[in-house]
Amino acid sequence: MAKSAYPTGVENHGGTLRIWFIYKGSRVRESLGVPDTPKNRKIAGELRASVCFAIKTGNFNFAAQFPNSPNLRRFGVESKEITVLELANKWLELKRMEISTNAMSRYASIARNMVPRIGGDRLVSAVTQEDLLFIRKELLTGYQTLKTGHRTPVKGRTVRTVNNYMKTMSGMFKFAADSGYVRVNPFTGIALLKRSRCEPDPLTRDEFIRLINACPTQQLKNMWSLAVYTGVRHGELVSLAWEDIDLKAGTMMIRRNHTLTKEFTLPKTEAGTDRIINLIQPAIDVLKSQAEITRLGKQYQVEVKLREYGRTVVHPCTFVFNPKKGLRNGRAGHHYAVGSINQSWEAAMRRAGIRYRRAYQSRHTYACWSLAAGANPNFIAKQMGHTDAQMVYRVYGSWMAENNQDQVLILNQKLSEFAPSMPHAVGSYGY
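Quick look at the structure, then. These numbers come from a predicted model, not from an experiment.

**Concerning the packing of helix α5 (residues 101-118) against helix α6 (residues 129-141)**
Now for step 1: Viewed as axis vectors pointing N to C, α5 and α6 meet at an angle of 125°, and their least axial separation amounts to 11 Å. With respect to α6, the element α5 is oriented oblique. Where α5 crosses over α6, the two elements pack in a sense that is right-handed. In contact with Met114, Arg117 and Ile118 of α5, α6 contributes Leu132, Ile135, Glu138 and Leu139.

**Digging into a nonpolar patch on the surface**
Now for step 1: Taken together, the side chains of Leu94, Met97 and Tyr309 make up a nonpolar region of the molecular surface, amounting to roughly 320 Å² of accessible area.
Now for step 2: Within the fold, Met97 resides in the loop between α4 (84-95) and α5.

**A look at α6**
Now for step 1: With 13 residues, α6 extends 19 Å from end C-alpha to end C-alpha; this agrees with the ideal 18 Å at 1.5 Å per step.
Now for step 2: Buried residues of α6: Leu132, Ile135, Arg136, Glu138 and Leu139, and no others. Each buried residue of α6 lies within a common arc of 165° when the element is viewed along its axis, so the set occupies one face. In α6, the exposed positions angled more than 90 degrees off the buried face are occupied by Glu130 and Lys137.
Now for step 3: Following α6 by one or two positions, Gly142 adopts a phi angle in the positive range, close to 95°.

**Considering the pattern of salt bridges**
Now for step 1: Applying the stated criterion to the full structure yields 16 salt bridges.
Now for step 2: Where Asp131 meets Arg122, a salt bridge forms, and the shortest distance between an N and an O atom there is 2.5 Å.
Now for step 3: With its nearest N and O atoms 3.8 Å apart, the salt bridge here joins Arg255 to Asp244. Separated by 11 residues along the polypeptide, Arg255 in the loop between β7 (251-254) and β8 (257-258) and Asp244 in the loop between α10 (234-237) and β6 (245-246) bring together distant segments of the chain.
Now for step 4: Since its relative accessible area comes to 24%, Arg255 is described here as partly exposed.
Now for step 5: Residue classification places Asp244 among the buried positions, given a relative accessible area of 7%.
Now for step 6: Three or more residues are tied together by salt bridges with common partners; here these are Asp201, Glu207, Arg355 and Arg357.

**Digging into the sheet that holds strand β12 (residues 312-317)**
Adjacent strands of a sheet form backbone hydrogen bonds with each other and so pair up, either parallel or antiparallel.
Now for step 1: Spatially, four strands are ordered β8-β9-β11-β12 in an open sheet, and the strand pairing comes out mixed. Of all strands in the sheet, those with a lone pairing partner are β8 and β12, marking the two edges.
Now for step 2: Here two bridges tie β8 to strand β9 (residues 264-265), and the two strands are oriented antiparallel to one another. Directly across from His258, in β9, lies its bridge partner Phe264.

**Some thoughts on the packing of aromatic side chains**
Now for step 1: Applying the stated criterion to the full structure yields 14 aromatic pairs.
Now for step 2: Between Phe21 and Phe66 the ring centres are 6.1 Å apart and the planes differ by 15°, which places this aromatic pair in the stacked class. Residue Phe21 is located in strand β2 (residues 16-23), and its partner Phe66 is located in the loop between α2 (62-65) and α3 (71-74); the two are separated by 45 residues in the primary sequence. Phe66 matches Phe21 in its accessibility class, with the two residues each being buried.
Now for step 3: Geometrically, the ring pair formed by Phe208 and Tyr229 is edge-to-face, given 5.6 Å between the ring centres and 65° between the ring planes. Of this pair, Phe208 sits in helix α8 (residues 205-214) while Tyr229 sits in helix α9 (residues 218-230), placing them 21 residues apart in sequence. Both residues of the pair, Phe208 and Tyr229, count as buried.

Criteria and thresholds
Residues numbered from 1 in each chain as written. Predicted model: local features only at pLDDT ≥ 70, side-chain atom pairs only at ≥ 80, totals over all residues. Heavy atoms only, no water. Axes fitted to C-alpha atoms, helices over the stretch in contact; angles between N-to-C directions. Helix = DSSP H or I, 4+ residues; strand = E, 2+ residues; numbered from the N terminus. Parallel < 35°, antiparallel > 145°, perpendicular 65-115°, else oblique. Left-handed = near helix turned anticlockwise from the far one by under 90°. Contact = heavy atoms within 4.5 Å. Patch = residues over 30% accessible without salt bridge, like charges linked within 9 Å, V, L, I, M, F, W, Y side chains within 5 Å. Areas by Shrake-Rupley, 256 points an atom, 1.4 Å probe, with all protein chains shown as cover. Salt bridge = Lys/Arg side-chain N within 4 Å of Asp/Glu carboxyl O. Expected span 1.5 Å × (residues − 1). Buried < 20%, exposed > 50% of the residue type's maximum accessible area, 1.4 Å probe, protein only. Arc of directions from axis to C-beta. Pairing = 2+ DSSP bridges. Phe/Tyr/Trp six-rings, centres within 6.5 Å; stacked < 30°, edge-to-face > 60°.

So, in structure tokens, the structure goes:
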């Protein structure tokens, strides 16, 4: 083919096209890696023209235009290219300063699962939205595509888990876009999957009694009774100290949370920190029973991590629930771990022959029982550590609607004494 058929600055190099241009007084050649066809020559010519215009106007970004070019070092330009694994390590290290250790553990776990799927050695700029949609599908269906191209069956994730994975990784790629590693976050436009709302499944009063009777020790009976009577999170439950409780006033302050990473932190939300729970009489009775077991126990100085990175505070704690009590081997710690009390819940449910529920239903049971008794949703939200009542309406809205007849009965009981007495006039029908 005649040389004149090539646009200015476009040439054949080993069967593929490359362009040349003048940059900082030197001739630069950049291979495009596309076949030498008439259509590609035209596109290459347009690219070359745009490069020359950007150089002339002072807007040329060598690293952005040719991120893999060997000429970058020649002109002292640092490439912003980075692999997915390098990005993950950098992002997690910077994220460490703004999230709790417990949250950091979850982020790192998600990265360990997702980075190999995306390709740790792959350049971030090469990841496409199509790749991510296929990965999402494989997470749901239970398949994983290996580097060899073969698909191997693995356990499928729930919609909630998949959404969490995608949302977390989207944050990582947003960091990449904001830092100039990619032009556009490939997660942009990927919506969260629709998921069915998990309805509360509270214990009935009969099931609660059977559950408590199935607990092997008085301490476990007291622990799960208090969980249901107060609705505290389980990390808050095992963190309770007698220093936080005023039995005479009937109050309990929530100051700490124990995490799966075995650290004490502040409670989950700002609204839940140092909140005062007003105890109902059954909860007070439970604590009086527990006081005979642990109230005179040893006080420990516990380090609690604050939300500000690197800051901690020490709380004196005589733990309300102490697993050392009743054990002879002395191997237990001075407070329960969240995982161990979940196991005790499951064991008690099996002994009692109750239909299985997750241990977190103790919290839902408190909320549902309180709503059925006519408690104000704002009061319940405050007791449970929510910012406002919106969470209560969102989680328990349908359950509340199902109990409308109970609410009518409550109103009849509460308001009947205020209703004016209406005269019974004798009408045309004789009454």
